[in-house]
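# Survey of secondary and tertiary structure
Chain by chain, the residues:
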Amino acid sequence: MLKYFMSPMLNMEGGSMKTTKILTALIATAALLAALGVEAAATWKPEKAVEIIALNAPGGGADRVARIMTGLLLERRQIEVPMTVVNKPGGGGSVACAYLNQHPGDGHHVLISTKPLITNSIVGKGPSYTEFTPLAHLFSEYISVTVRPDSPLRSGKDLIDRLRNDHGSLTVGITSSLGNPNHQGIAAALKEAGIDIKKVRTVVFPSGGAASTAMLGGHVDVVPISVSFAASLLRQGQVRLLAIGAPERLSGVLADVPTWREQGYDAVVSNWRGLWGPKGMTDAQIAYWEEAMVRMVDSNEWKQELETNFWSSEYLRSSNTRKYLDRDYAQSRAFLMELGLAK
């Protein structure tokens with residue numbers, strides 16, 4: 001095409017100068033059009049309502065995070081379309097995952113991801129994390145062990161001693177599948193104490209709220225839950241905390257709760273929260289959600305939520321989230337094999 005325009009001018013007196021000017025103009029125009037084309041191809045934003053999917057029932061940890069994020073994103077107009085929280089409990093998160101991947105390549109559907117989605121696949125009860133698009137790793141939170149305020153158990157050591165004497169003397173309520181971080185929050189300490197966790201009576205509930213309600217009603221004795229949820233129940237005088245799986249004591253309302261390490265058991269257990277999209281998302285869709293998350297985690301409101309809920313900020317972009325998941329999968333698989341929950 002350039003040759004077609006240039007040829008006649010090369011035969012004209014002084015054509016070289018004119019040719020140079022026209023060629024320069026054409027190259028500049030072509031570069032500008034190419035740049036505009038790339039920018040247009042790389043730009044994506046939601047054109048309809050966005051769904052944030054929570055893998056448990058209202059009141060569960062992922063549900064709480066989804067509602068906090070939705071409020072912040074809408075309040076700060078970081079997302080300018082309607083947003084709704086869609087609860088898909090069941091199967092330890094497999095129902096939510098199946099629903100997400102019913103929308104391949106659609107950036108209007110995202111999931112609050114948690115470590116159980118890794119552990120479920122390891123024990124053969126859910127899809128692999130590689131079947132989804134990682135968008136961001138947001139934070140981690142430690143796991144605590146709770147009982148009713150009138151429970152005869154007053155410490156983690158009391159719990160260990162009771163189960164050592166009789167493995168079936170207590171019933172533990174687990175959210176929302178065996179082998180997940182909540183389960184590990186008590187199993188890691190039992191393993192340290194030489195107790196066979198397979199002999200401990202456990203009941204699986206669809207959410208932390210459901211498990212805690214069952215405990216308050218006297219249907220189960222012990223419930224391991226995230227420290228943020230435990231702190232909210234503690235403030236209301238609804239639970240007593242026996243131990244926290246943190247490397248050192250936390251602050252605020254949890255300052256008087258000893259860690260497992262303080263009680264003689266080297267058990268540090270946390271759960272992480274992130275954002276996943278369905279399989280087949282484009283680079284432009286990933287970039288949109290990355291930037292939305294960057295703006296959210298940089299806000300003062302989000303930082304206040306981290307402090308209030310005892311969350312440890314660990315923001316990672318999409319590519320680094322994938323690397324994080326690969327490492328966590330390997331570590332979690334090794335731990336669950338030790339517990340006899342994976343092969």
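This text goes with the structure placed above it.
Report on the accompanying structure. (Residues numbered from 1 in each chain as written. Predicted model: local features only at pLDDT ≥ 70, side-chain atom pairs only at ≥ 80, totals over all residues. Heavy atoms only, no water.)

## Description of unusual backbone geometry
- A positive phi angle is found at Arg77, which is not glycine, with a value near 55°.
- Mapped onto the elements, Arg77 comes out in the loop between helix 3 (61-75) and strand 2 (83-87).
- Under the relative-accessibility criterion, Arg77 is labelled exposed at 58%.
- Of note in this structure, Phe310 is not a glycine but carries a positive phi near 60°.
- The topology assignment puts Phe310 in the loop between helix 11 (300-308) and strand 10 (312-316).
- Of the residues examined, Phe310 reaches a relative accessible area of 12% and is grouped as buried. (Helix = DSSP H or I, 4+ residues; strand = E, 2+ residues; numbered from the N terminus. Buried < 20%, exposed > 50% of the residue type's maximum accessible area, 1.4 Å probe, protein only.)

## Comments concerning the environment of Leu74
- Note on placement: Leu74 falls in helix 3.
- On the basis of relative accessibility, which here comes to 34%, the residue Leu74 falls in the partly exposed class.
- In this structure Leu74 touches Ile79, Val81 and Met83, once residues within four positions along its chain are discounted. (Contact = heavy atoms within 4.5 Å.)

## Looking at the packing of aromatic side chains
- Following the criterion strictly, the structure yields 10 aromatic pairs and no others.
- Taking the centre distance of 6.4 Å and the plane angle of 85° together, the rings of Trp272 and Tyr324 count as edge-to-face. Of this pair, Trp272 sits in strand 9 (residues 270-277) while Tyr324 sits in helix 12 (residues 318-338), placing them 52 residues apart in sequence.
- Residue classification places Trp272 among the buried positions, given a relative accessible area of 2%.
- With centroids separated by 5.9 Å and ring planes inclined at 40°, the aromatic side chains of Trp302 and Trp311 adopt a geometry described as tilted. The pair Trp302 / Trp311 is uniform in exposure class, with both members buried.
- Taken together, the ring pairs connect Phe132, Trp272, Trp276 and Tyr324 into an aromatic cluster. (Phe/Tyr/Trp six-rings, centres within 6.5 Å; stacked < 30°, edge-to-face > 60°.)

## Some details on the side chain of Thr175
- Relative to the helices and strands, Thr175 resides in strand 5 (residues 171-175).
- Under the relative-accessibility criterion, Thr175 is labelled buried at 6%.
- Within the local environment of Thr175, its side chain forms a polar contact with the backbone oxygen of Ser207, the two atoms lying 3.3 Å apart.
- Thr175 has contacts with Asn180, Asn182, Phe205, Pro206, Ser207, Gly208 and Ala211, leaving out every residue within four places of it along the chain. (Polar contact = N/O pair within 3.5 Å; in protein donor to acceptor, adjacent residues only side chain to side chain.)

## Notes on the pattern of salt bridges
- Scanning all chains against the criterion turns up 14 salt bridges.
- Between Lys115 and Asp328 there is a salt bridge, with the nearest N and O atoms lying 3.3 Å from each other. In this pair, Lys115 sits in the loop between strand 3 (109-114) and helix 5 (116-122) while Asp328 sits in helix 12, placing the two residues 213 residues apart along the sequence. Taken as a pair, Lys115 and Asp328 share a single burial class, namely buried.
- Two residues, Arg317 and Glu290, come together in a salt bridge whose shortest N-O distance is 3.5 Å. Linking Arg317 in the loop between strand 10 and helix 12 with Glu290 in helix 10 (residues 283-297), this pair joins segments that are 27 residues apart in sequence.
- A residue is classified by how much of its surface remains accessible, and Glu290, at 12% relative accessible area, is buried.
- In this structure, a network of salt bridges that share partners links the residues Lys157, Asp161 and Arg164. (Salt bridge = Lys/Arg side-chain N within 4 Å of Asp/Glu carboxyl O.)

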